[in-house]
Amino acid sequence: MPTPYRRQSLSRHEQRHRRFSSGYVEQKPRTDDMYQSVGHYTTFTVFGASGDLAKKKTFPALFGLFREGELPEETQILGYARSKYEQDKFREHLRPFFKKGNTSKHPDFEAKVEKFLSMIHYVQGQYDTDEGYQKLDQICQEYEKKHNTTDEPSRIFYLALPPSEFTTVAKQLKKNCYPNKGIFRLVVEKPFGHDLESARELQANLAPLFTEDELYRIDHYLGKEMVKNLLVLRFGNELLAGSWNKNHIKSIQISFKESFGTQGRGGYFDTIGIVRDVMQNHLLQVLTLLTMERPVSFDPEAVRDEKVKVLKAIDAIDHNDVIIGQYTASEDGKEPSYLDDDTVKNKDSKAATYCALGLQIHNERWEGVPIVMRAGKALNESKVEIRIQYKPVAKGMFEAIQRNELVIRIQPDEAIYLKINNKIPGISTKTSLTDLDLTYAVRYSDDFWIPDAYEALIRDVFLGNHSNFVRDDELDVSWSLFTPFLEYIEGPNAPKPELYPYGSKGPKELRQFLSKHGYEFADEGIYEWPVTTTKVVDVAEKL
Ligand code: BG6
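Residues numbered from 1 in each chain as written. Predicted model: local features only at pLDDT ≥ 70, side-chain atom pairs only at ≥ 80, totals over all residues. Heavy atoms only, no water.

Novice: Whenever I open this one, the confidence of the model for the chain confuses me. Can you help?
Specialist: In this model, the chain carries an average pLDDT of 90, and 89% of its residues clear a pLDDT of 70 or more. Note that residues 532-537 has pLDDT below 50 and, in this model, 14 contacts with residues that lie over four places away or in other chains. Here residues 539-543 is modelled with pLDDT under 50, and outside its nearest four sequence neighbours on either side it reaches 15 contacts, counting other chains as well. (pLDDT = per-residue confidence, 0-100. Contact = heavy atoms within 4.5 Å.)

Put into structure tokens, the structure is as follows:
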């Protein structure tokens, strides 16, 4: 009897790590049948198989799962696209993108690559005519017959395609490849529309074809390790759960920085801008997980219900409370400006490559707490992090003392650190700002496999776990929030973007903007992370 797709309760890495830990508790949904895992024999088809996304993300993620023993070797993997490819040529074109993973020990890496490549077959076909889909269906049927699963087939289709093809392919799949029984899942990638109207139109096209249960809308930020950790961190620690509100928190920041520009993607980016590219989706997802109420359980619908509720409580974006920027050439002249990117055709483009905006959530927990969301390309570093700054403690016994700040670094190098005031050890009566530091690379050994976002999410598709995918109503609320703002920054009265040099920290007003939103900068030179020296401040002589 073939076993269904199910991971063992304790992975190899967990077992190895166990010696450092008091034990693991699997946090399951309340009802065991909440997830509907696919059978052992599944056909996973990647549409747009010859494209960039498939080559760089989808196939490498499938390989990563296979490498880690999370994908049965009997899985049938099909690549579907219009281009002509010999089977071997197609496989070879994927090979350079497979990674060894962050667990250094994969002596059988090459053998695994060979085995995985042998599981892949390329199918050439058009997107808008029946023929190719009928061929696909035939291949699925033969596989299902061979493995005696015709009564319960499992088919997953992944659209690594531009949105203009979504509806056509979805209709064809329903017509030609939809099994009447068993499992059918359709995975789609952003962008899910360009604004509220187009998102609704897309949804109206998909809804008659497939149930919400059959659809998996990927926002790859939801697959990132630290983003998946947010609910555990918040609700699994009374220390944080108890202080996670307006009574204790002074300000919240979610920041996304990239050290590179559009680099050849300017044609695409110019119609999108930074707000659609990463804020309406990735950063907003982070914000909802950070601010939602406690769900009754980890059940996907319980989690997503709470996300929708908090999204609805976010106030309309205030057009006067934003910074819009666009990068110019780097100061040394080595890096081009946004407008100098050959792929940006409109040389007067006002497209935002940087945006910072203030948000307010009107509910009991967050009323009055300023939230800043900011994102920029071509900055001084690549980093995505959350900063929760706490209110200052009462004065009196202290003359001056710094605020607590919790930093959750999503990437690179996952880390959580809490800045705290501490007495300098020994006879000193001075205090210093130091930290409780949970840097993953230090706390968890190298042997711990942290899946890439796509690996984590594709695995969830196999398991039938919808928690980390965007639900239709969630999408609707997020577009409702951002569409008026986008209309403003792209409309006739659009603000002129502030220019900032490639490789800088972004528009100059940022520091003032953050201060205005309640963020206090630590005294210059007092605190740095990771801590290398203890810098002492004579701030609390009365201690
Ligand atoms: C994508 C955006 O969705 O996310 C890119 O289109 C951006 O412009 C990317 O670079 C960031 O993802 P990550 O995982 O590299 O932080």
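Resuming the write-up.
Novice: Could you clarify how one ought to interpret the pairing of strand β7 (residues 249-257) in this entry?
Specialist: As a general feature of sheets, a regular strand has side chains that alternate between the two faces. Among the 9 residues in β7, 8 count as buried, and that is most of the element. One ladder, built from 8 bridges, connects β7 with strand β11 (residues 383-390); its direction is antiparallel. Bridge pairing in β11 places Ile 254 opposite Ile 386. Examined bridge by bridge, β7 and strand β10 (residues 371-376) share 6 bridges and lie parallel to one another. Note that in β10 the partner of Lys 257 across the bridge is Gly 376. (Buried < 20%, exposed > 50% of the residue type's maximum accessible area, 1.4 Å probe, protein only. Helix = DSSP H or I, 4+ residues; strand = E, 2+ residues; numbered from the N terminus. Pairing = 2+ DSSP bridges.)

Novice: Sorry, what's going on with the site of the ligand here?
Specialist: Neighbouring the ligand are Lys 190, His 220, Tyr 221, Lys 224, Phe 256, Glu 258, Arg 265, Asp 277, His 282, Lys 377 and Gln 411. Between the ligand and the protein, one listed contact pairs an oxygen atom with a side-chain N or O atom of Glu 258 at 2.5 Å. Considering the ligand on its own, with 400 Å² of exposed area, one finds that the protein chains cover 78% of that surface. In terms of residue class, the shell around the ligand is made up of 2 nonpolar, 3 polar and 6 charged. (Near = heavy atom within 4 Å. Polar contact = N/O pair within 3.5 Å; in protein donor to acceptor, adjacent residues only side chain to side chain. Areas by Shrake-Rupley, 256 points an atom, 1.4 Å probe, with all protein chains shown as cover. Nonpolar A, V, L, I, M, F, W, Y, C, P; charged D, E, K, R; others polar.)

Novice: Just checking my understanding: could you explain the packing of helix α8 (residues 225-235) against helix α11 (residues 273-291) for this structure?
Specialist: Between two packed helices, both the angle of their axes relative to each other and the distance between the axes serve to describe the pair. As a packed pair, α8 and α11 sit with axes 9 Å apart at the nearest point and diverge in direction by 15°. It follows from the interaxial angle that α8 and α11 lie roughly parallel. In this structure, α8 crosses over α11, and the sense of that crossing is right-handed. Across the interface between the two elements, Val 227, Leu 230, Leu 231 and Arg 234 of α8 pack against Val 286, Leu 289, Leu 290 and Thr 291 of α11. Here the contact of α8 with α11 is composed, by residue class, of 6 nonpolar, 1 polar and 1 charged. (Axes fitted to C-alpha atoms, helices over the stretch in contact; angles between N-to-C directions. Parallel < 35°, antiparallel > 145°, perpendicular 65-115°, else oblique. Left-handed = near helix turned anticlockwise from the far one by under 90°.)

Novice: Just checking my understanding: could you explain the packing of helix α7 (residues 196-206) against helix α15 (residues 472-490) for this structure?
Specialist: Where α7 meets α15, the axes come as close as 9 Å, and the angle between the chain directions of the two elements is 160°. On the basis of their axis angle, the class for α7 and α15 is roughly antiparallel. In this structure, the crossing between α7 and α15 has a hand that is left-handed. Contact residues: α7 offers Leu 196, Ala 199, Arg 200 and Gln 203, while α15 offers Asp 472, Asp 476, Trp 479, Ser 480 and Thr 483. Looking at side-chain class alone, the contact of α7 with α15 contains 3 nonpolar, 3 polar and 3 charged residues.

Novice: Help me understand the side chain of Glu 144, please; the structure alone is not making it clear to me.
Specialist: Take Glu 144: it is sitting in helix α5 (residues 130-146). Judged by relative accessible area, Glu 144 falls into the buried class, the value being 4%. Sequence-distant contacts of Glu 144, that is, excluding residues within four places in its chain, are made with Thr 149, Thr 150, Pro 153 and Arg 155.

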